[in-house]
Amino acid sequence: MSKIEGKIAVITGATGGIGFAVAKRLGKDGYTVILNGIEDDKGLKAVEELAADGITAEYYGFDITNDEEVTKNISEIGEKYGKIDALINNAGGIGVRARFEEMTTAEYKFVMGLNLDSVFFASRAAIPFLKKGENASIINYTSNAAWNGAGPGAGIYATSKGGVQSITRALAKDLAEYNIRVNAVSPGTIDTPFHAQIKATKPEVFASWKNSVLLGRLGEPEEVAGVVAFLVSDDASFITAETIQIGGGQALGI
Ligand code: NAD
C-alpha cells in the first residue's frame, strides 16, 4: 500500500493495549497520530516509541468521560490540524464488576460513561473537523458481550457496548450526508492489559479461554489494528454502519 500523506487520526485510550497498536499501525501507514489517555507518563513514552519508528505522533492527556475536557481537547486538535480524518473511539473497559442488584448508581454511571458517553462526547466534538476530512470516518468498539450479556458482574459492560452498537448505526445515518462513515469493530478475547487482573489472579481460567475460540488462541492487538486500518482506508469507502467481528470464530460459541 502506498503511504498516506497528511491524514490525521485521533485514537482515544491509546497509551497501551489495542489503542497503541492502532496508533502504531496508522502511523506506519502514514497518518499523523494523536494519542489520548489518562496515564501521561505512558502517553509520553508511547509517543517517543512511535517517533523512534519515524511516526509523527502527539499525546493529549484528558479524561474521555469528561464532557468539557473532551470538547476542549478535540477542538484544539481539530483547530491545530484543520481537520480530522479518522476518530478511533478505542478507550473503554469493564470498569466495575458487580451484579445488578448490588450495583451502585455511581458504578452504573462510571461504566456507561467510560464506554458509551465517551463515544458520544468524542464524536460530537470531532464532527465539525471530520466534515473537513478526506474519506473521514469514525471507528467504535463493541464486544461479543453486547450480544451475549457478558459473564457474571460484567452485565453493565455488556449494556454499555450494546449502546455502542446502536450509536454506531445512528451516527452512520446522521453523518452519511457528509460522506462520514461510521463503523465498529467487535474484538473477541484479545491479549491486552484489559485482562491483566484475571491473568494474574486466575491464570488457569485465562489459559482456558482459548478453548472457546475456533482458531484455538487469543487475538493480538495488531490483529484488531489491521482491521481498523482497513476500515478507515479508501478500500473501505463504501462501508458504513457495519460491525466487523475479530474473534477467531469465538462468536460461534463452541
Ligand atoms: P486496555 O485496558 O488495554 O486499554 C484501554 C485504554 O483506555 C488504556 O490505555 C486506558 O488507560 C485508557 N482509558 C481508560 N479510561 C480512560 C479515560 N477515562 N480516558 C481516556 N483513556 C482511558 O484495553 P484494550 O483491550 O486495549 O481495549 C480497547 C477497547 O477494545 C475497549 O473499548 C474494550 O472495551 C474493547 N474490547 C477489548 C477486548 C479485549 O479482549 N481486550 C474485547 C472486546 C472489546
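The sections below set out a description of the structure shown in this document.

Within the protein chain one finds nine helices and seven strands. At 17 Å, the protein chain has a C-alpha radius of gyration in line with the 18 Å of a compact globule built from 254 residues. The principal-axis extents of the C-alpha atoms in the protein chain amount to approximately 45 × 40 × 35 Å. Counting all 254 residues of the protein chain, 50% fall into the buried class. Long-range contacts, defined as pairs at least 24 residues apart, comprise 72% of the intrachain contacts of the protein chain with a sequence gap of at least 6. Counting only carbon and sulfur atoms, one obtains 53% of the accessible surface of the protein chain, whose full area is about 12100 Å².

Moving on, we come to the packing of aromatic side chains. Tallying each qualifying case throughout the model produces three aromatic pairs. Lying across the ring of Tyr178, Lys131 places its NZ or CZ 4.2 Å from the centre.

Two packed helices can be described by the angle between their axes and the distance between those axes. Packing of helix 1 (residues 17–29) against helix 9 (residues 221–232) leaves a shortest axis separation of 8 Å and a crossing angle of 50 degrees. By the criterion of interaxial angle, the relationship of helix 1 to helix 9 is oblique. Crossing of helix 1 against helix 9: the hand is right-handed. Where helix 1 abuts helix 9, its residues Gly17, Ile18, Ala21, Val22, Arg25, Leu26 and Asp29 lie against Pro221, Glu222, Val224, Ala225, Gly226, Val228, Ala229 and Val232. Looking at side-chain class alone, the contact of helix 1 with helix 9 contains ten nonpolar, two polar and three charged residues.

Criteria and thresholds
Here the residue index of a chain counts from 1 through its sequence in written order. Confidence filtering applies because this is a predicted model: local features only for residues at pLDDT of at least 70, side-chain atom pairs given and counted only at 80 or more, and all residues used for totals across whole chains, interfaces and linings. Excluding hydrogens and water, the side-chain values take into account all heavy atoms of the structure. Each helix corresponds to a stretch of at least 4 residues labelled H or I by DSSP, and each strand to a stretch of at least 2 residues labelled E; elements are numbered beginning at the N terminus. This radius of gyration counts C-alpha atoms alone. The globule rule is 2.2 Å times how many residues there are, raised to the power 0.38. A simple rule labels every residue: compare its accessible area, found with a 1.4 Å probe on the protein chains alone, to the largest value its type can have, and call it buried under 20%, exposed over 50%, or partly exposed in between. Residue contacts are counted whenever heavy atoms from the two residues lie within 4.5 Å of one another. Residue burial considers only the protein chains on display, and all accessible areas are found by Shrake-Rupley using a 1.4 Å probe. Think of it this way: a Phe, Tyr or Trp ring, Trp meaning its six-membered ring, pairs with another when their centres are within 6.5 Å, and the plane angle makes it stacked under 30 degrees, edge-to-face over 60, tilted otherwise. Remark: a charge is flagged as sitting over a ring if the NZ atom of Lys or the CZ atom of Arg is within 6 Å of the ring centre and within 35 degrees of the ring normal. The angle between two axes is taken between their N-to-C directions and runs from 0 to 180 degrees, where each axis is a line fitted to C-alpha atoms and a helix contributes only its stretch in contact. By the definition adopted for this analysis, an angle is roughly parallel if under 35 degrees, roughly antiparallel if over 145, roughly perpendicular if from 65 to 115, and oblique otherwise. In a left-handed crossing the near helix is turned counterclockwise from the far helix by less than a right angle, and in a right-handed crossing that turn is clockwise. We call Asp, Glu, Lys and Arg charged. Ala, Val, Leu, Ile, Met, Phe, Trp, Tyr, Cys and Pro are nonpolar, and the rest, Gly among them, are polar.

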